[in-house]
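Breakdown of the fold
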Amino acid sequence: MHPLMSRFEPIWQEYRALDAASQASCRLLPYHAEQALGELQHQEEQLPRITDNVEQWLQEFEASELKNSADYRTLIYSSLQSLELFLLQGQGSALSLLGRFAEAQQVLQRCREMFGDSPHHSLGFLFHEQGRIALYQAKYAEALQFYHKAYDAFMQFTDAGTWKDIVSPEDMQSCARGALQSAAETLGSIAQAVLQGGDREAFLTRQQAAVVFAREHEFSDLAWSLLLNLYQWQLQWDAGGTIVDSLQQQLAEFTDTLDSPTQNVRKVQKLLLEFEHSMAGNSKARARHRLNKAKDILDQYPELVHSRLMLHRAFSSFYEWQAKYDQAMEHAETACNMALQMEIPDLIQQEACHLVTVSDAEDVSADRKLRARNVLDQAIAMLTRLQARDALAQALLQRAASYYMKEKNHDAALEDINRAGRHAGSRDLRRDVLLAQIAALNACGRKEEALGVTVSAIKLCSEQMSPQEQMRARGYRDLLQQTEVLHEAAAMFAADLGRPDEAFSWLEEGKSRLLAQQLAQSNVGSQGKEDAAGIGYTQELRRALGEESAGVLFFCVGAGRTLILVVDPVKDRPQSFFVDLGEAELEQAKLAQEVWPEQSSEDDAFVRFLGELSEKLVKPLEEALQEIMDHCSVLYIVPDSRLYLVPFSALTMKGVPLVEHDHCALAVIPSVSFLYRDRTRRPRSKERTCLAVGVGRAGEFSLAEQAREIMAGCPRGLQPVFLLDDEEPVSSDRIWNMAKGTTVLHFSCHGMEESTSMDTLSALYLELSEHEKWFAKDIFEHKGELQADLVFLNACMAGRFRLHDGLVVGGFWEAFLHAGASSVIAPLAEVHPEDAGVLAGAFYRIWLQGEVSKARALQLAQQELRRKKHGSFHWARYVIIGAAL
């Protein structure tokens, strides 16, 4: 070997060692982002020294008599550039995982600048990464720009010839196919970005385009995945729950053109998806029909073991749903035994844990419960042998929660939890470990430690809500909800430890994060999640509340108790109260039935229930509540989402409904930060303009005539514009075109519920002319376009929404606030049209005189109707959400 080549060997060995170290650091990213970032930055600092050594050697090499020096220079510098790019990309990923998005974008920009204006096969991935970061920051337009650039960059390398000087000839075709597949995946990312931006119709179009592209280029698995995702979205979130025929036809085409095993696997996947939707929609017959069809297919193909296992799991869920636990256990045991025989770790863990969950029902025999526990122990032993770290961690957490915690063997529970922590690799699992630690420490009474772990879990969730996770809108929303639950837990612990001001800060931060996500880029406030931090209990907050003469009641519902914080601007600290009312007593369906019975003849039961609720929610804080209501003109209520159906104005204090308090009115807000957003949104116009919409009939009542009568009683200064169906058809397009510059929007029409929809924005709609359904989601898509100071929805149930995982705002509330309105008044239940007209007319007459706030005007109108219709509770059905002034 030539001496020059011998001298190069240690230099190149150093390069390979650095390359190997960078690969190891990047493998740490999902688990220890901060450590990985430090290592990658240190490795980048070493690269210039290696580059200098290489350059010095190349100069000697080029001066020697050896040939091909130019080829060596190109090859070596290409390798060095690839390593530098890899180190920078790794740092960008770490920074985004840590929530340092501006820095991440700067690092990725440095990567792009390495290539100048020249096309490069790495540019597509860089643009795609920047798009994910922008999407996380709710910068939807910017995210779409990056994704489109990524698509264009990938398409530049879909021809095999473009890889000629990059890879070996035998790899050129596969690299071109890879670029084409990346382009198809990017089209799916574009669809998701559009969906997160609130444009659901555009999402359907974009996702369909991604499906077509993937099919045209024969990426069958990707096309099926995209189409199944679209189908699932339609099933779960589409208004009305209807599936377009063309989508069904496409799914059929996918299965009919394949060989029998693959064809039937996909048919079963589709049927099981429809089964889950049927269960969610409470359609037992449809659910059973789907399971039977899947069984008929799989009976013919016993070799489809995995699909048969999934079918047994579905049957188990079906029987569990119907409380037929013996049949549920039989199918669960069969599925678990199949998983153990297959020795597939994830399936073993999933089926063992499902079996334990089913066995937890009271009606399951002691023998079956013991068998389930033995199966879980067997699964843990096998997962230990298979060294399946994540699956083992999940199984250990299940044993700790299902057995040791219930047996109050907290030491054994913590041992399993800590062991799970040593094995947990993904952030999902690390979060689950922290949640289990919180529960165990709380059960032991170690509140301070539990609070510390809760804070760690909140930090981890913030890291996890990152572009690296490639989360779909629903996944991001679910994780955001988890952070709110953790904030509520932190508030509970802080209150237990005698720190109510800290409890307030945790509660408000959780609520304001949700609000920032839901109202992102709606022009009702700041434009991104950077402003999502909560408002602490500061002098500034007390001064702002004092200027408005406002107090706040915060509610936080836990497993067996509810925390209430009374925020009085004249006091240095909030006052905290715990009441014996938990999640079980405040379940949504139970509240809907007991608070708002379908028959008005059941008002006696309504009164009794309100009395019980008042005894638990109001009586413990009567003294503090009386004090704050005596010197505040408005009491803002930040309800836990489980309490949104409660008519707070009808709750009693010392036997008197809160609506009768002469000095203080009630209003609901999703968080205190909403008040700041509303104040800074825009100056309120002194001149009011009104659009009054009247559509439909209720028996002999014409709702168009009701709208006329309501507005006829308003002061002459208000000249409403009418859209009435007794004059011409009223459509959503006509309403929207006339509503954008209006300060007051009034609707007298029917509010309906779509029982098959699971979406918070698609469960309720207003009925317009020619049977048009104007869903909340349709209004939501016009973000920030309204200037309305008030939207009054005089439509049955328009103030309620389908509760989804505890989110505080939903339905028309979320839709109109997102569209730019300051306040919404709407009923929580059905209302008689005559009472609805009386209350609305009284409200406008009082409010438009200009002497009282919206909340006070609603309160006085409720008092007026209460006296006119003694014994009726239609007045209590109305609530105002948003700014009270």
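Residues numbered from 1 in each chain as written. Predicted model: local features only at pLDDT ≥ 70, side-chain atom pairs only at ≥ 80, totals over all residues. Heavy atoms only, no water.

On to the packing of helix 6 (residues 140–155) against helix 7 (residues 169–196). The interhelical angle for the contact between helix 6 and helix 7, taken along N-to-C directions, is 170°, at an axis separation of 9 Å. Our classification of the angle between helix 6 and helix 7 gives roughly antiparallel. Remark: the crossing between helix 6 and helix 7 carries left-handed chirality. Residues Tyr140, Leu144, Tyr147, His148, Ala150, Tyr151, Phe154 and Met155 of helix 6 pack against Ala179, Leu180, Ser182, Ala183, Thr186, Leu187, Ser189, Ile190, Ala193, Val194 and Gln196 of helix 7. (Axes fitted to C-alpha atoms, helices over the stretch in contact; angles between N-to-C directions. Helix = DSSP H or I, 4+ residues; strand = E, 2+ residues; numbered from the N terminus. Parallel < 35°, antiparallel > 145°, perpendicular 65-115°, else oblique. Left-handed = near helix turned anticlockwise from the far one by under 90°. Contact = heavy atoms within 4.5 Å.)

Quick look at the side chain of Ser823 now. With respect to the secondary-structure elements, Ser823 resides in strand 17 (residues 823–827). Given a relative accessible area of 0%, Ser823 falls into the buried group. Looking at Ser823, its side chain comes within polar contact range of the side chain of Lys854, at 2.7 Å. Non-local contacts of Ser823, meaning those with residues more than four positions away in its chain, are made with Asp789, Leu790, Val791, Lys854, Ile880, Ile881, Gly882 and Ala883. (Buried < 20%, exposed > 50% of the residue type's maximum accessible area, 1.4 Å probe, protein only. Polar contact = N/O pair within 3.5 Å; in protein donor to acceptor, adjacent residues only side chain to side chain.)

Here the focus is the pattern of salt bridges. Tallied over the entire structure, the rule returns 43 salt bridges. Across the salt bridge formed by Arg373 and Glu407, the nearest N and O atoms sit 2.5 Å from each other. Of the two residues, Arg373 is situated in helix 16 (residues 366–386) and Glu407 in the loop between helix 17 (389–404) and helix 18 (410–423); the sequence distance between them amounts to 34 residues. For Glu407, a relative accessible area of 44% gives the class partly exposed. Across the pair Lys777 and Asp778 runs a salt bridge, and its minimum N-O distance is 3.4 Å. Judged by its relative accessible area of 7%, Lys777 is buried. Where salt bridges share partners, they join Asp326, Glu330, Glu333, Asp367, Arg368 and Arg371 into one cluster. (Salt bridge = Lys/Arg side-chain N within 4 Å of Asp/Glu carboxyl O.)

So, about the confidence of the model for the protein chain. Across the protein chain, the average pLDDT comes to 85, with 88% of residues at 70 or higher. Below a pLDDT of 50 lies the segment residues 467–473, which in the model reaches 23 contacts outside its immediate sequence neighbourhood of four places, other chains included. Segment residues 521–533: pLDDT under 50, and 35 contacts once partners within four positions in sequence are set aside and those in other chains are kept. (pLDDT = per-residue confidence, 0-100.)

Time to look at the pairing of strand 7 (residues 665–668). On any regular strand, side chains alternate: one points to one face of the sheet, the next to the other face. Burial of strand 7 is two-sided: the residues Ala665 and Ala667 facing one way and the residues Leu666 and Val668 facing the other way are all buried. Where strand 4 (residues 634–638) lies against strand 7, 4 bridges are found, and the strand directions are parallel. Bridging from a neighbouring strand, Val634 pairs with Ala665 of strand 7. (Pairing = 2+ DSSP bridges.)

The next thing to look at is the sheet that holds strand 15 (residues 773–775). Pairing is antiparallel in the open sheet, where 3 strands are placed in the order 13-14-15. Where the open sheet ends on each side, the last strands, each with one partner, are strand 13 (750–753) and strand 15. Shown here is a sheet whose adjacent strand axes are inclined to one another by a mean of 35°, direction ignored. In the sheet, strand 14 (residues 764–767) pairs with strand 15 via 3 bridges, with the strands oriented antiparallel. Looking at strand 15, one finds that Leu766 is bridged to Trp774.

The next subject is the packing of aromatic side chains. Applying the stated criterion across every chain, the model contains 23 aromatic pairs. Between the aromatic rings of Phe318 and Trp321, the centroid separation amounts to 6.1 Å while the plane-to-plane angle is 65°, which identifies the pairing as edge-to-face. Highlighted residues: Phe318 and Trp321, both in helix 13 (residues 305–321), separated by 3 residues, approximately one helical turn. Taking the centre distance of 5.5 Å and the plane angle of 25° together, the rings of Phe843 and Trp847 count as stacked. Placement of the pair is Phe843 and Trp847 together in helix 32 (residues 833–847), with a separation of 4 residues, close to one helical turn. Residue Trp847 is classed as buried on the basis of its relative accessible area of 2%. Three or more aromatic residues joined by ring pairs make a cluster, and in this case those are Phe275, Phe315, Phe318, Tyr319 and Trp321. A cation over a ring is seen here: Arg688 above Trp847, with NZ or CZ 4.1 Å from the ring centre. (Phe/Tyr/Trp six-rings, centres within 6.5 Å; stacked < 30°, edge-to-face > 60°. Lys NZ or Arg CZ within 6 Å of the ring centre and 35° of its normal.)

Further remarks concern the environment of Pro729. Within the secondary structure layout, Pro729 lies in the loop between strand 11 (721–724) and helix 29 (732–739). For Pro729 and Ser769, which are 40 residues apart along the polypeptide, the C-alpha to C-alpha distance reads 5.4 Å.

For the rest of this paragraph, the subject is the packing of helix 5 (residues 123–136) against helix 7. The interhelical angle for the contact between helix 5 and helix 7, taken along N-to-C directions, is 15°, at an axis separation of 11 Å. Between helix 5 and helix 7, the interaxial angle falls into the category roughly parallel. The two elements helix 5 and helix 7 cross, and the hand of that crossing is left-handed. Of the residues in helix 7, those in contact with Phe125, His128 and Leu135 of helix 5 are Ser182, Thr186, Ser189, Ala193 and Gln196. For the contact of helix 5 with helix 7, a count of residues per class yields 3 nonpolar, 5 polar and no charged. (Nonpolar A, V, L, I, M, F, W, Y, C, P; charged D, E, K, R; others polar.)

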